[in-house]
Amino acid sequence: MTMAICPGSFDPVTLGHMDIIQRATKLFDHVIVAVMVNPAKKTMFSVEERMELLKKCVADMPNVEVVGFRGLLAEYARERGITAIVKGLRAVSDFEYEFQMALTNKKLNHELETVFLTTQAQNMYLSSSIVKDIASFGGDISGFVPEPVLEDIRKRLYTGGTEK
Ligand code: PNS
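Residues numbered from 1 in each chain as written. Predicted model: local features only at pLDDT ≥ 70, side-chain atom pairs only at ≥ 80, totals over all residues. Heavy atoms only, no water.

1. Here we look at helix α5 (residues 128-136)
- Along α5, the positions that sit buried rather than exposed are S128, V131, K132 and A135. Down the axis of α5, the buried set is contained in an arc of 95 degrees. They therefore lie on one face.
- Among the residues trailing α5, G138 stands out with phi positive, at a value near 80 degrees. (Buried < 20%, exposed > 50% of the residue type's maximum accessible area, 1.4 Å probe, protein only. Helix = DSSP H or I, 4+ residues; strand = E, 2+ residues; numbered from the N terminus. Arc of directions from axis to C-beta.)

As structure tokens, this is what we get:
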């Protein structure tokens, strides 16, 4: 069975993420979506909340598993016998950061390859940060996030939920 891991902060999951996950399921038998901690980012949702949202979004994808953890991606992959990371690449601006992570993960776990899927044109500009920015000013984010996420984000932003 071929396995791949799609790691990210997913704060929150966007339609761009969903497109990459969906396409990864066509390439691999089993896809693990890993909600992880990026120390550089202050998140709106806790790891557990992000996992819950993702689980709702992939409910109709039988070969997708959602996990969450705080730790090294390379170590987790080794423990689970995963040899492929799948990531979306939006624009040149993503490249240096993604290249650095791919090389670092390879250094930490020599078996681990990173596979980049180019984003669809309509998602080129889309990011979790942009979604949160639009929502915080009352903008319409329905075209950017999956349906199950929409209500949670609105609730969070408009009822003054605590930031994590
Ligand atoms: O969606 P993001 O924030 O760009 O994803 C980055 C993420 C979470 C995949 C990255 O920060 C990560 O892998 N964090 C786990 C810790 C780790 O393994 N760090 C070394 C990676 S080079």
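Next comes the rest of the account.
2. With respect to the pattern of salt bridges
- Scanning the model with the defined rule gives nine salt bridges in all.
- Measuring nitrogen to oxygen at the nearest pair gives 3.0 Å for the salt bridge that ties E75 to R78. With a gap of three residues between them, E75 and R78 both fall in helix α3 (residues 73-80), about one helical turn apart.
- Judged by its relative accessible area of 42%, R78 is partly exposed.
- One salt bridge connects E113 with K106, and the closest N-O pair in it is separated by 2.8 Å. (Salt bridge = Lys/Arg side-chain N within 4 Å of Asp/Glu carboxyl O.)

3. Quick notes on the packing of aromatic side chains
- Counted according to the given criterion, the structure contains three aromatic pairs.
- Judged by centre distance (5.1 Å) and plane angle (25 degrees), the rings of F95 and F99 are stacked. A residue pair is termed a helical-turn pair when its members lie 3 or 4 positions apart in one helix, as F95 and F99 do in helix α4 (residues 92-108) at four residues.
- The class of F95 is partly exposed, set by a relative accessible area of 41%.
- Looking at F99, the relative accessible area reads 41%, which means it is partly exposed.
- Relative to F144, the ring of Y125 lies with its centre 6.2 Å away and its plane at 80 degrees, an arrangement referred to as edge-to-face. Of this pair, Y125 sits in the loop between β5 (113-118) and α5 while F144 sits in the loop between α5 and α6 (147-158); the two residues are 19 residues apart in sequence, bridging distant segments of the chain.
- Its relative accessible area of 48% is what places Y125 among the partly exposed residues.
- Taking the relative accessible area as the measure of exposure, F144 reaches 16% and is therefore buried. (Phe/Tyr/Trp six-rings, centres within 6.5 Å; stacked < 30°, edge-to-face > 60°.)

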